[in-house]
Amino acid sequence: LENKALRGHLAYVKSRVTAMQGDVEQAVQLCLIALENTPPSNQALLGGIGVMLGYAYFLAGDFENAEKTLIKTIQSGVVSSAVNTTIGAYCVLARLFAIQGQLHKSYQTYQEAEKFVHKMGGRHRGALSIIHIGFAEMQYEWNDLESAFTYIEKGLAFIQFWGKADDIALAYPTQRFYNEAVE
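Residues numbered from 1 in each chain as written. Predicted model: local features only at pLDDT ≥ 70, side-chain atom pairs only at ≥ 80, totals over all residues. Heavy atoms only, no water.

Undergrad: Help me understand the environment of Asp 23 in this model?
TA: Mapped onto the secondary structure, Asp 23 falls in the loop between helix H1 (2-20) and helix H2 (24-37). Asp 23 sits in the partly exposed class, given a relative accessible area of 36%. Spatially, the C-alpha atom of Asp 23 lies 8.9 Å from that of Ala 60, the residues being 37 residues apart in sequence. Of note is the side chain of Asp 23, whose polar atom sits 3.2 Å from the backbone nitrogen of Gln 26. (Helix = DSSP H or I, 4+ residues; strand = E, 2+ residues; numbered from the N terminus. Buried < 20%, exposed > 50% of the residue type's maximum accessible area, 1.4 Å probe, protein only. Polar contact = N/O pair within 3.5 Å; in protein donor to acceptor, adjacent residues only side chain to side chain.)

Undergrad: Looking at this structure, how should I read a nonpolar patch on the surface?
TA: There is a patch of nonpolar side chains on the surface, built from Val 13, Val 17 and Met 20 and spanning about 280 Å² of accessible area. Secondary-structure assignment places Met 20 in helix H1. (Patch = residues over 30% accessible without salt bridge, like charges linked within 9 Å, V, L, I, M, F, W, Y side chains within 5 Å. Areas by Shrake-Rupley, 256 points an atom, 1.4 Å probe, with all protein chains shown as cover. Salt bridge = Lys/Arg side-chain N within 4 Å of Asp/Glu carboxyl O.)

Undergrad: Before we go on, may I ask you to explain the nonpolar core in this structure?
TA: It is characteristic of soluble globular proteins that their nonpolar side chains tend to be buried jointly. Core analysis: the biggest nonpolar cluster contains 48 residues, and Ile 87, Tyr 110, Ile 130 and Ile 131 have the highest contact counts within it. Those elements that provide at least two residues to this core are H1, H2, helix H3 (43-60), helix H4 (63-80), helix H5 (83-99), helix H6 (103-119), helix H7 (125-141) and helix H8 (145-157). Sorting elements by how many residues they give to this core places H5 first, with 10 residues. In contact with Tyr 110, not counting residues within four places along its chain, are Cys 91, Ala 94, Arg 95, Ile 131, Gly 134, Phe 135, Glu 137 and Met 138. (Core = buried A, V, L, I, M, F, W, Y, C linked by side-chain atoms within 4.5 Å. Contact = heavy atoms within 4.5 Å.)

Undergrad: Where do I start with H8 in this structure?
TA: Turn by turn, an α-helix covers 3.6 residues, leaving residues three or four places apart pointing in a common direction. Look at H8: 18 Å from first C-alpha to last across 13 residues, which is about the 18 Å you get at 1.5 Å a residue. Among the residues of H8, those classed as buried are Leu 145, Ala 148, Tyr 151, Ile 152, Gly 155 and Leu 156. Seen from one end, H8 has its buried residues packed into an arc of 125°, which puts them on one side. (Expected span 1.5 Å × (residues − 1). Arc of directions from axis to C-beta.)

Undergrad: Is there a simple way to think about the pattern of salt bridges in this case?
TA: For side chains bearing opposite charge, pairing can occur when the charged atoms are close. All chains considered together, the criterion is met by 1 salt bridge. A salt bridge links Lys 68 to Glu 64, with the nearest nitrogen and oxygen atoms 3.1 Å apart. Taken together, the residues Lys 68 and Glu 64, both in helix H4 and 4 residues apart, mark about one turn of the helix. Classification of Glu 64 as exposed rests on a relative accessible area of 54%.

Written as structure tokens, this is what we have:
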């Protein structure tokens, strides 16, 4: 049983590295192996696997499975009060909607994420920061540069508390686009 759990954890770690290297199909397969080998009692790891699997499906262009996986991960995360995992899933889902041109649905997803953080006490500055970055992106798309600026400033103020380098790296181009738009 311990070896199986270890296999699950290693498959999850490999899936993240593999996705960063651009092999998203292999990342999906590794996530499925991780799910198969992770015990139900390890909700934290299962949440991380769910976010990664949803993201890998998204990157592979399998939007249907990405959406299903992310919604399931959000539902599990809400039940277990897992803030970071749940917010990660919400934000990937919102990006999925945005990339499909469903900007209002994306914005509503960010709003649901923000409500969840506040329901959990609102103390999660990192989670709120990444949500605010998402709001900034939506406002920028709608050419509401004043609101975009407000959200990007709020988001960047606490982004270091989010702790996920890939999301942090995506936040700064949003600010750059805003700055270029107002110049």
